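Next come the chains, spelled out residue by residue.
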Amino acid sequence: MADESPFDFGSTVSREAFTDRRQELDRLKTNLSSGINTVLISPRRWGKSSLVEQAVIELRRQRKDVRVAVLDLFTAGSFEEFLESYASAILQASSGKWEERVRDAKTFFRAIVPRINIGAEPASEVSIGFEWKEARQHVGEILDLPERIAAKKKLKLVVCIDEFQNLANWSDPGQVEKLLRAHWQRHKHVSYCLYGSKRHMMRELFNTARKPFYRFGDIIWLERIALEHWVPFLQERFRSTGRTITAELASSLARTMGCHPWYVQQLAHFSWAASGRKVRAEDLRGALDLLIATNQPLYQRECEIMSYTQTNLVKAILSGETQLTAQRVMHDYQLGTPRNVQKARMALEGNDVIDRTKDGYELLDPGFALWFAREFLGRAIAPA
Ligand SMILES: Nc1ncnc2c1ncn2[C@@H]1O[C@H](COP(=O)(O)OP(=O)(O)OP(=O)(O)O)[C@@H](O)[C@H]1O
Ligand SMILES: [Mg+2]
């Protein structure tokens, strides 16, 4: 029996650790290789970064004329820092050899003279810096770098930017948005894939009519992964380490976690760690207890920042109430006035704690829902 877990919830997943998303992968790949900008939006940990990672692997394998640059705004503290990593990532993506990158860095800038840093061997990383006093006036030249390179080299460039909503932390984000949009929308040989984990900010950026990025591209609203894909995936992953799980237990595992990708992998990992050759129902029960105990500090913190009305509103939702401003519901759960309910609901939605469904509301975090129901409603935690 292999002694390494086949499940991963600590980083992005791809290749054999990645399941399904066939439609989304095809749509994303087709968009990006044909110049259609794409925006990816989902609640936290549903697999945006993994989807892009897998799409990039497949694109690089299937399309020799397509080059992909991936960058993450998580570490870009300012617009200037972003522009430096943007230029570096684009040079990196568009040429294979470091000599060529250095040459490109020299030839593709006109008004600006970039600082070129070459990484230690054997890494052929070339990173770019700018003298901001001079470069400030020529930001457009930096933003248009991928278009100039792609046109000249007869390539298609794809620029993927993770945690895109972080630009809100830079100074004058409104101006930056306008500038990016103005340049990027003119690029004929480049497509942009923008995604990020703060859903309400992403929605605000891309789905609000008065904002520059409105109608920037195809918006993919990523869904959870369906049960029918989880069951064979889980069975196969257990089998790859010489263990078995029945379809019934695999299904129960995925349903317990509401088919939430990060949570399903986590529960599968704890079940794997607890099991022998055959996964038993009690392994799954123990794994679920462990999962909740492990995440408890996060749930407690989440609860601490909720107001009295918000907490009561969550109780009402978990108890199956759908008419949150009905007199009886407001009375039973001490919600105050319809205005209080409205305010609490908006705050919970903004923080991605709850989400609207076709007939009411649901909690987005299945682990938090189980824990909360135990703490506040006295329900036992058990697999579905
Ligand atoms: N297609 C998939 N198949 C199997 N597991 C997946 C898949 N996509 C995501 N996961 C699981 O979900 C976890 C989170 O994925 P990922 O980091 O890609 O999500 P994200 O939406 O980018 O998260 P964040 O909102 O934190 O940026 C992964 O570590 C993995 O456990
Ligand atoms: Mg991510």
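Each remark here, short or long, concerns the structure printed above.
Figured I'd write up the structure that's included with this text. Along each chain, the written sequence defines residue order, and numbers are assigned to residues from 1. In the order they appear in the text, chains get letters beginning with A and ligands get numbers beginning with 1. Residue-level local features of this predicted model are given only where pLDDT is at least 70; pairs of side-chain atoms are given and counted only at 80 or more, and the full residue set underlies all totals for whole chains, interfaces and linings.

### Some words on the overall build of the protein
- We count a stretch as a helix when DSSP gives it H or I for four or more residues in a row; a strand needs E for two or more, and each element gets its number in order from the N terminus. Counting secondary structure elements, the protein contains 17 helices and nine strands.
- If one aligns the C-alpha atoms of the protein with their principal axes, the spans along those axes are about 70 × 60 × 35 Å.
- With 384 residues in all, the protein has 40% of them scored as buried.
- Once C-beta atoms have been placed from the backbone, residue pairs whose C-beta atoms lie within 7 Å are recorded as contacts. Sequence separation of 24 or more characterises 69% of the internal contacts of the protein that already satisfy a separation of 6 or more. Remark: C-beta atoms are placed from the backbone, and a residue is labelled buried if 20 or more other C-beta atoms sit within 10 Å of its own, exposed if 12 or fewer do, or partly exposed between those counts.

### Some points on the packing of helix H10 (residues 227–239) against helix H11 (residues 247–256)
- Running from N to C, H10 and H11 point in directions that differ by 125°, and their axes come no closer than 9 Å. Taken together, the axes of H10 and H11 lie oblique to each other. Our pair here, H10 against H11, has a crossing hand that is right-handed. Seen from H10, the contacting residues are Leu227, Trp230, Val231, Leu234 and Gln235; seen from H11, they are Ala247, Ala250, Ser251, Leu253, Ala254 and Arg255.
- The class makeup of the residues in the contact of H10 with H11 is eight nonpolar, two polar and one charged. Fitting a line to C-alpha atoms yields each axis, with helices limited to the stretch in contact; the angle taken between N-to-C directions then spans 0 to 180 degrees. An angle counts as roughly parallel when it lies under 35 degrees, as roughly antiparallel when it exceeds 145, as roughly perpendicular when it falls between 65 and 115, and as oblique in every other case. By definition, any crossing whose near helix is turned counterclockwise from its far helix by less than a right angle is left-handed, and any crossing with a clockwise turn is right-handed. The classification used treats Ala, Val, Leu, Ile, Met, Phe, Trp, Tyr, Cys and Pro as nonpolar, Asp, Glu, Lys and Arg as charged, and all other residues, Gly among them, as polar.

### Focus: the packing of H11 against helix H13 (residues 281–304)
- Two numbers describe how H11 lies on H13: the axes approach to 10 Å, and their chain directions differ by 15°. Between H11 and H13, the angle is such that the two are roughly parallel. Of the two elements, H11 crosses H13, and the hand of that crossing is right-handed. Together, Leu249, Ser252, Leu253 and Thr256 of H11 and Ala281, Leu284 and Leu288 of H13 make up the contact between the two elements.
- In terms of residue class, the contact of H11 with H13 is built from five nonpolar, two polar and no charged.

### A short note on helix H17 (residues 366–377)
- An ideal rise of 1.5 Å per residue puts 16 Å on twelve residues; H17 measures up with 15 Å between its terminal C-alpha atoms.
- Along H17, the residues classified as buried are Pro366, Gly367, Phe368, Ala369, Leu370, Trp371 and Phe372.
- Its buried side turned inward, H17 meets helix H12 (261–274), H13, helix H14 (308–318) and strand S9 (360–363).
- One or two positions beyond H17, positive phi appears at Gly378, with a value near 65°. By definition here, a helix of n residues has an expected span of 1.5 Å times n minus one.

### Here we look at the site of ligand 1
- Among the 21 residues in the neighbourhood of ligand 1, the closest are listed as Gly47, Ser49, Ser50, Ser197 and Gln265.
- Taken together, the elements giving at least two residues each to the shell around ligand 1 come down to helix H2 (48–62) and H12.
- Its residues placed into classes, the shell around ligand 1 shows seven nonpolar, nine polar and five charged.
- Where each domain begins and ends follows an automated or database-derived domain assignment. Counting contributing residues, the shell around ligand 1 receives three or more from each of domain 1 (21–221) and domain 2 (227–301). Residues are counted as near a molecule or strand when the C-beta atom, derived from backbone positions, lies within 6 Å of that molecule or strand.

### Comments concerning the environment of Pro212
- Secondary-structure assignment places Pro212 in the loop between helix H9 (199–206) and strand S7 (218–221).
- Pro212 gets classed as partly exposed once you count the C-beta atoms within 10 Å, which come to 18.
- The sequence separation of Pro212 and Val176 amounts to 36 residues, and the corresponding C-alpha distance is 9.7 Å.
- Excluding residues that lie within four positions of it along the chain, Pro212 makes contacts with Glu177, Lys178 and Arg181.

### A short note on unusual backbone geometry
- A positive phi angle, near 60°, is found at Arg21, a position not held by glycine.
- Judged by the 20 C-beta atoms lying within 10 Å of it, Arg21 falls in the buried class.

### As for the pairing of strand S5 (residues 156–162)
- Across the seven residues of S5, seven count as buried, placing the element largely inside the fold.
- Side-chain alternation along S5 places Lys156, Val158, Cys160 and Asp162 on one buried face and Leu157, Val159 and Ile161 on a second face that is also buried.
- Pairing geometry for strand S2 (residues 66–72) and S5, over seven bridges, is parallel. Of the residues in S5, the one forming a bridge with Ala69 is Val159.
- Look down the strands so they point away from you; if going from the first strand over the helix to the second traces a clockwise path, that crossover is right-handed. Following the chain from S5 across helix H8 (residues 173–184) to the adjacent parallel strand S6 (residues 190–195), one finds a crossover that is right-handed. For two strands to count as paired, DSSP must find a minimum of two bridges between them.

### A closer look at the sheet that holds S5
- In spatial order, the strands read S2-S5-S6-S1-S7; together these five strands make up an open sheet with parallel pairing. Looking along the sheet, the strands with just one partner apiece sit at the ends: S2 and S7. Ignoring strand direction, the axes of neighbouring strands in this sheet form an average angle of 15°.
- With four bridges connecting them, strand S1 (residues 38–41) and S7 associate as parallel partners. Each residue of the ladder has a partner; that of Val39, found in S7, is Ile219.

### Things to note about the nonpolar core
- In this usage, the nonpolar core is the set of buried Ala, Val, Leu, Ile, Met, Phe, Trp, Tyr and Cys residues whose C-beta atoms join them within 7 Å. In terms of nonpolar packing, the biggest core is built from 53 residues, with Ala69, Ile90, Leu157, Val159, Cys160 and Cys193 touching the most fellow members.
- The biggest single contributor to this core is helix H3 (residues 79–94), with eight residues.
- Non-local contacts of Leu157, meaning those with residues more than four positions away in its chain, are made with Arg67, Ala69, Ile90, Ala93, Ser94, Pro146, Ile149, Ala150, His189 and Val190.
- Counting residues in each nonpolar core, the second largest holds 25 residues, with Ile245, Val264, Trp272 and Leu284 among its members.

The quantities given are spatial measurements derived from coordinates; they are silent on function.
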